[in-house]
Amino acid sequence: MFGLRPSPGILGAVIEHHLNNYKDKHPHLVQQIKDSLYVDEFLSGEDSVDNAVSLYKQAKRIMCEGGFNLRKWQSNSKELVSIFNTEEPKPEITEHVVSEEDESFVKATVGPVN
């Protein structure tokens, strides 16, 4: 649960455990991911567009297999940004109207209830 004191530590332990499953097959990539993660942000870089695309695809695949979605990719390379925009799914925007009868949200009151 996010917001609790141990949440970042739990997240770190889960990610560490997940990545350790890949360290024999992809030791360099796993170490790069470990060195580049800060809580839920992945900050890294490569020397070429081809290497950056490879890192992007491999890191997304490995993290996705653990239930993590690396998203919001950015670059100073227009070519990479174009690739990210093509590869990344567009978010679906849905409108949810909450009514007084909607019991899917917890209702809270402050003070006496009349």
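Shown above is the structure to which this text applies.
Reference entry: report on the structure contained in this document. Since this is a predicted model, take the numbers as computed values, not measurements.

Analysis parameters
- Residue indices begin from 1 for each chain and proceed along its sequence in written order.
- A pLDDT threshold of at least 70 governs which residues receive local features in this predicted model, and a stricter bar of 80 or more applies before side-chain atom pairs are shown or counted, although totals over entire chains, interfaces and linings include all residues.
- For side-chain calculations, the full set of non-hydrogen atoms in the structure is used, while hydrogens and water are omitted.
- Salt bridges, as used here, are contacts in which a Lys or Arg side-chain nitrogen is within 4 Å of a carboxyl oxygen on Asp or Glu.
- Working definition: helices are DSSP H or I runs of at least four residues, strands are E runs of at least two. Numbering for both runs from the N terminus.
- Buried, partly exposed and exposed residues are distinguished by accessible area as a fraction of the type maximum, computed with a 1.4 Å probe on protein chains only: under 20%, between the cut-offs, and over 50%, respectively.
- Contacts described as polar in this section are N or O atom pairs within 3.5 Å, which, within protein, must combine one atom able to donate a hydrogen with one able to accept it, while residues neighboring in sequence count only if both atoms come from side chains.
- We call two residues in contact whenever any of their non-hydrogen atoms come within 4.5 Å of each other.

As a further point, take the pattern of salt bridges. Within this structure, the stated rule accounts for four salt bridges. The salt bridge involving lysine 60 is made with glutamate 88; its shortest N-O contact spans 3.1 Å. On the criterion of sequence distance, the pair formed by lysine 60 in helix α3 (residues 49-64) and glutamate 88 in the segment after α4 (78-87) is long-range, its members being 28 residues apart. Judged by its relative accessible area of 18%, lysine 60 is buried. Residue glutamate 88 is classed as buried on the basis of its relative accessible area of 15%. Among the salt bridges present, the one from glutamate 65 reaches arginine 61, with a minimum N-O distance of 3.5 Å.

Of note is the side chain of glutamate 88, whose polar atom sits 2.5 Å from the side chain of tyrosine 56. Once residues within four sequence positions are removed from consideration, glutamate 88 is found in contact with Tyr56, Lys60, Leu70, Arg71 and Trp73.

Geometry only, nothing functional implied.
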